[in-house]
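What follows is the residue order along each chain.
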Amino acid sequence: MATEIDQKDLFRALPGFPPSVWGSSFASLPSQDQQFEAYTEEMEILKVKVKHMLMQSKTSLTTNIEFINLLCRLGLSYHFESEIDEQLNHMFNIFPSLYEGENYDLYTLGVFFSTFRQHGYKMSCDVFKKFKKSDGEFDNNITSDVKGLLSLYEASFWRVHDEDILDEAFDFTKKHLDTFIQKSSPNLQKHIKKSLSRSFHHGIERLEALEYISFYEEQESRNEILLKFAKLDYNRLQLLYRKELAYLSRWWKELNVADKLPYARDRIVEGYFWIVGTLFEPPYSFARLIGTKYLTLVSLIDDTYDTYGKIDELEPFTYALLRCTKDASDGLPNYMKYLYKLIQDVFAETENHENDGIRYRTSYSMEKFQELARSYFVEAQWLNEDEYVPPFDEYIKNGLVTSANDAISSAVMIGIEEIGIKDYEWMKSNPKIIEAPKFLGRMINDTKAHEVEYNRRDCPIGLKSYMNEYGLSKDEAIEGIQKMCMNSWKDINEAYMKPSAGSRIIIKHFLNHARVVDFIYTSCDIYTYSSYLKDIIESLFIHQLPL
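Residues numbered from 1 in each chain as written. Predicted model: local features only at pLDDT ≥ 70, side-chain atom pairs only at ≥ 80, totals over all residues. Heavy atoms only, no water.

A. Geometry of the overall build of the protein. Broken down by element type, the protein carries 24 helices and 0 strands. For 547 residues, the compact-globule formula gives about 24 Å, and the C-alpha radius of gyration of the protein, at 24 Å, lands near that figure. Overall, the protein is about 75 × 60 × 45 Å in size when its C-alpha atoms are taken along their principal axes. Going through the 547 residues of the protein one by one, you find that 58% of them count as buried. Pairs at least 24 residues apart make up 76% of the contacts formed inside the protein by residues separated by at least 6 positions. (Helix = DSSP H or I, 4+ residues; strand = E, 2+ residues; numbered from the N terminus. Rg over C-alpha atoms; globule rule 2.2 N^0.38 Å. Buried < 20%, exposed > 50% of the residue type's maximum accessible area, 1.4 Å probe, protein only. Contact = heavy atoms within 4.5 Å.)

See below:
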């Protein structure tokens, strides 16, 4: 076995991460360009028909918004972005006057609310006041309306600060939806369970589309053209993802990282899944490829600082990353020299890309990697000092960087050509749409098993810091952190509303990044314990939908 671990360090305990579920199996996936083109040709024909349906739906406000919502749920709205935004902008401007003269039901108002906010239009939550009694409680008459309850429940996830009615709606609908599970048809039962497990708003877009296609196919009122278009779209994108994943897997296999750095997690497939979750659309292939490469670098660096490197090795390694010169790694252990060269090679590969503006983007990304290294080293120093726990504010300031959101996102941004200098200046101001996902990533991660088991401590340092600061038990601290995470979602929702100084593609990316970290870490760390992701990855990248 080829390894960069020095002979004298072979005795050093490895962290014992689970091995890769996939090995190099994706590296041998054949290209299916002909099938991809066949799907494309068939979709172009259906796309004309679906666009006609979208235009025809404008005959009624309710029909229009329901059709747009259906396109979103089926994962098709990206095909008609300009048309949908034009229609929603018109509807949003006239809705207040129409609302006064219409008696919209709970289901319809929930769809209106979710669809508007999903596209950045801040519809008022006051529309739900009509479903409350004089005592301020929700009217029990709506508890028999399962479609309405589900619609209100999904809408409540778009709440921002000081929208108490939506906080109450969340609790009210969740309680009553639980009672509907056994009373509903099997298809509706599955749909309710899925929503209660993870709302559409908090879900990863491609996975949400797959779930809803399955639900929609069982509906008697389904439109066969729309259903086929959704399936073709899913299968076509899957072929593109397989091609990208095959390339990345071959790149990873040639590097032989699993043997050279045996202490680190081998997660190229899971890393690609992560990036697809933040940016799934076909034009952003290069962004997904470079984003995945950089994410794997982050993972390797994280494991080096967090589970294997000694403090007297990590200090010169950090300085080497900050110097960023060819000779900076002189004197480092062999395994660190290998990792340092790998980092240098990936950045050099990016800089050599033909895009004229890419050097500025790569430079920005390198700055974020250097910030990450500095903050990882701060954490390593904390761990190296027996019993030292930083104040919570100090931990959070450092932890927002070690969430790695900036480092990963900066890499994805390299491949998005629409982004310009003004966008980078805006990102440097650290607006809430950027800061809140970092908080989510850090604090949700800190409460999971990976941190407890592998970080050489009996309790994650962030959790212990919060416990010490406020004199809380571990369970109380976890509950407090969960409340803070919910407030971070409210920050994200607020920042997602129009207008914004940042480009919509960037804002959407950071929303999606929050969705991914929530998905990865909420139940357990399924990036580390990747067997939990196996069925999901097979559905997303291997199994085609029957047409």
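B. Highlighting empty space enclosed by the protein. Inspection of every chain in the model, using the stated rule, returns 2 cavities of 30 Å³ or more. As a volume, the second largest cavity reaches approximately 90 Å³. Residue lining of the second largest cavity: Arg73, Asn187, Lys190, His191, Lys194, Glu208, Glu211, Tyr212 and Phe215, and that is the complete set. Taken together, the elements giving at least two residues each to the lining of the second largest cavity come down to α7 (186-197) and α8 (205-217). The residue inventory of the lining of the second largest cavity, partitioned by class, reads 2 nonpolar, 2 polar and 5 charged. (1 Å grid on protein atoms, 1.4 Å probe; cavity = no way out; pocket = protein on both sides within 12 Å on 5 of 7 lines; lining within 4 Å. Points joined across faces, edges and corners; volume = space filled by probe spheres on them. Nonpolar A, V, L, I, M, F, W, Y, C, P; charged D, E, K, R; others polar.)

C. Representation of the nonpolar core in the model. Ranked by size, the top nonpolar core spans 185 residues in total, and within it Phe128, Phe273, Trp274 and Phe541 carry the most contacts. Per-element tally for this core: the top contributor is helix α9 (residues 224-255), with 16 residues. Apart from the residues within four sequence positions on either side, Trp274 is in contact with Leu295, Ile408, His513, Val516, Val517, Ile520, Tyr521 and Tyr527. (Core = buried A, V, L, I, M, F, W, Y, C linked by side-chain atoms within 4.5 Å.)

D. Inspection of the environment of Phe67 at higher detail. Here Phe67 shows up in helix α2 (residues 61-73). The exposure class assigned to Phe67 is buried, which follows from its relative accessible area of 13%. Expressed as a C-alpha distance, the spacing of Phe67 and Thr296, which sit 229 residues apart in the sequence, is 39 Å. Discounting chain neighbours no more than four positions away, the residues touching Phe67 are Val50, Met53, Leu54, Ser57 and Leu226.

E. The arrangement of the side chain of Arg265 in detail. Inspection of the secondary structure assignment puts Arg265 in the loop between α10 (257-260) and α11 (268-278). Judged by relative accessible area, Arg265 falls into the buried class, the value being 5%. There is a polar contact of 3.2 Å between the side chain of Arg265 and the side chain of Asp302. (Polar contact = N/O pair within 3.5 Å; in protein donor to acceptor, adjacent residues only side chain to side chain.)

F. View of the side chain of Arg267. Structurally, Arg267 is set in the loop between α10 and α11. There is a polar contact of 2.9 Å between the side chain of Arg267 and the backbone oxygen of Tyr527.

G. Layout of α11. Of all the 11 residues making up α11, 11 are buried; the element is thus mostly covered by neighbouring parts of the structure. Here α11 has its buried residues at Ile268, Val269, Glu270, Gly271, Tyr272, Phe273, Trp274, Ile275, Val276, Gly277 and Thr278. Elements that come into contact with the buried residues of α11 comprise α8, α9, α12 (285-308), α17 (405-414), α23 (504-521) and α24 (534-541).

H. Representation of the pattern of salt bridges in the model. Following the criterion strictly, the structure yields 31 salt bridges and no others. Measuring nitrogen to oxygen at the nearest pair gives 2.6 Å for the salt bridge that ties Asp518 to Arg198. On the criterion of sequence distance, the pair formed by Asp518 in helix α23 and Arg198 in the loop between α7 and α8 is long-range, its members being 320 residues apart. Assigned by exposure class, Asp518 and Arg198 land together as buried. Put simply, Asp491 and Lys432 hold a salt bridge, and the shortest N to O gap is 3.8 Å. Taken as a pair, Asp491 in helix α22 (residues 474-496) and Lys432 in helix α19 (residues 432-446) lie far apart in primary sequence, 59 residues in all. Using a relative accessible area of 17% as the deciding quantity, one classes Asp491 as buried. (Salt bridge = Lys/Arg side-chain N within 4 Å of Asp/Glu carboxyl O.)

I. Just helix α18 (residues 421-428), in detail. All of the buried residues along α18 are Asp423, Tyr424, Trp426 and Met427. Considered in projection along α18, the buried side chains sweep an arc of 160° and stay on one side of the axis. Buried residues in α18 make contact with α15 (358-384), α17, α19 and α23. (Arc of directions from axis to C-beta.)

Distances and angles like these do not, on their own, reveal function.
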